[in-house]
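Results of the structural survey
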Amino acid sequence: MLNVLVLDPELCSSFLIKSILLGAGYAVSVSADEPEAARKIATGLFDVAVVDLSAGDGVAARAFIRATNALLPGLPVLALGREEHLADLSGLSIFLSLPKPIRVARVTEAVRRAVVHLLAPRPAAPGRCVASLPAEVTWGLDAIPCRVTSVSDRGVLLEPADREFDHLRGFDRFFDGLSRDELALRVNFGDAADWQADGRIAFAERSPDRRVQRVGLAFAALPAADAGLLKNYIALAGGPA
């Protein structure tokens, strides 16, 4: 599943965009401020970014786009706004502009084109792949079984081990209240020995009833051998789907 990040400082368009893209089969994460969006994008777990430039003077949103262009030069960024906000995008690498008012067909087609671009060969771009790998996360003396559902060379996306109620509730209880805490991750990539790394919580996605559903874990500095294993796994597993 493709992951889309929406930065909308005034939360004026994100819920409509999210509804449209969820209906089209994408996973969507919404941020209302640039620092949070920057933490999310730095995990490498997102495939497309949609940025609303119509909030205030748009300075923070433009800074986010510039930082994203520098960090992940292959990531398609869609700029959303009224005509006056999209008139001058100099200095920004924008894949497509989405003028307001928002139209369902226009949004879905723009993201579809971004995905086609994303899946084209881009040797210099960071990799990401979907996965379904058993894992365990430890915080202090507590540990919980999880499942890694997305892997990048910068982080992983964690979900409950399965959809049983006890696992869903346990996942929420474990991660609820943890804020950028350092955790230990152990995951099996199919080798004899489990791969281990430390990381910090970059973001947590919640359900409508406020339960933690997914957690983005950003890696701390990885030894060269561990980073190489990740890149090999991503290359063998293929791109996002």
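My aim in this report is to walk through the structure given alongside it, one point at a time. Source: prediction; values computed, not measured.

Our focus in this paragraph is the state of the cysteines. In total, this model carries 0 disulfides according to the counting rule given. The thiol of cysteine 146 is not disulfide-bonded; the next cysteine sulfur, from cysteine 129, is found 17 Å away.

This paragraph deals with helix 6 (residues 165-175). Of all the positions in helix 6, only Phe171, Asp172, Phe174 and Phe175 are classed as buried. Viewed along the axis of helix 6, the buried residues span an arc of 165°, placing them on a single side of the element. Residues of helix 6 that are exposed and point more than 90 degrees away from the buried face comprise Asp166 and Arg173. Where helix 6 is buried, its residues touch strand 6 (128-139), strand 7 (142-152), strand 8 (155-160), strand 9 (182-187), strand 10 (195-206) and strand 11 (212-219).

The next point concerns the packing of helix 1 (residues 14-23) against helix 5 (residues 104-119). The angle between the axes and the distance between the axes are what describe a pair of packed helices. Two numbers describe how helix 1 lies on helix 5: the axes approach to 10 Å, and their chain directions differ by 65°. Crossing geometry of helix 1 relative to helix 5 is assigned as right-handed. Between helix 1, through Ile17, Ile20 and Leu21, and helix 5, the contact on the second element is made entirely by Val104, Val107, Thr108 and Val111. Tallied by class, residues from the contact of helix 1 with helix 5 come to 6 nonpolar, 1 polar and no charged.

Now for the sheet that holds strand 3 (residues 48-52). Judged by pairing direction, the sheet is parallel, and its 5 strands sit side by side in the order 2-1-3-4-5 without closing on themselves. Either end of the sheet is taken by a strand with one partner, and the two such strands are strand 2 (27-31) and strand 5 (96-99). Each strand axis lies, on average, 20° off the axis of its neighbour in the sheet, ignoring direction. Lying on the sheet, helix 2 (residues 34-41) is in contact with strand 1 (3-7) and strand 2; it crosses strand 2 at an angle near 145°.

This part takes up the pairing of strand 11. In terms of burial, strand 11 is largely enclosed, as 6 of its 8 residues are buried. In the sheet, strand 8 pairs with strand 11 via 4 bridges, with the strands oriented antiparallel. Directly across from valine 156, in strand 11, lies its bridge partner leucine 217. Bridge count between strand 10 and strand 11: 7 bridges; the pairing is antiparallel. Of the residues in strand 11, the one forming a bridge with arginine 200 is alanine 218. Hairpin connection, strand 10 to strand 11: the antiparallel pair is bridged by 5 residues, and arginine 210 has positive phi, about 75°.

Around the barrel, 6 strands lie side by side as 6-7-8-11-10-9; this closed barrel has antiparallel pairing. Taking the axes of each pair of neighbouring strands and ignoring which way they run, one obtains an average angle of 45° across the sheet. The pairing of strand 6 with strand 7 spans 10 bridges and is antiparallel. When the bridges of strand 7 are listed, alanine 135 appears paired with cysteine 146. Sheet strands touched by helix 7 (residues 224-237): strand 6, strand 7, strand 10 and strand 11. Its angle to strand 6, the strand with the most contacts, is close to 140°.

Reading the values: rules and limits
Here the residue index of a chain counts from 1 through its sequence in written order. Under the rules for a predicted model, residues below a pLDDT of 70 receive no local features and side-chain atom pairs below 80 are neither given nor counted, while totals for whole chains, interfaces and linings still include all residues. To obtain the side-chain values, all non-hydrogen atoms of the structure were included, while hydrogens and water were left out. The criterion for a disulfide is a pair of cysteine sulfur atoms lying within 2.5 Å. Burial classification: accessible surface area is computed with a 1.4 Å probe over protein chains only, and a residue below 20% of its type maximum counts as buried, one above 50% as exposed, and the rest as partly exposed. By the criteria applied, helices consist of DSSP H or I runs no shorter than four residues and strands consist of E runs no shorter than two, each listed in order from the N terminus. To obtain the arc, one takes the directions from the helix axis to the C-beta atoms. Between two residues, a contact is recorded if the distance between any of their heavy atoms is within 4.5 Å. A fitted line through C-alpha atoms serves as each axis, taken over the contacting stretch for helices, and the angle formed by two N-to-C directions is quoted from 0 to 180°. Working rule for handedness: look at the near helix, and if it is turned counterclockwise from the far one by less than a right angle, call the crossing left-handed; if clockwise, right-handed. All residues other than Ala, Val, Leu, Ile, Met, Phe, Trp, Tyr, Cys, Pro, Asp, Glu, Lys and Arg, Gly among them, are scored as polar; the first ten of these are nonpolar and the last four charged. By the convention used here, strands pair only if DSSP detects at least 2 bridges between them.

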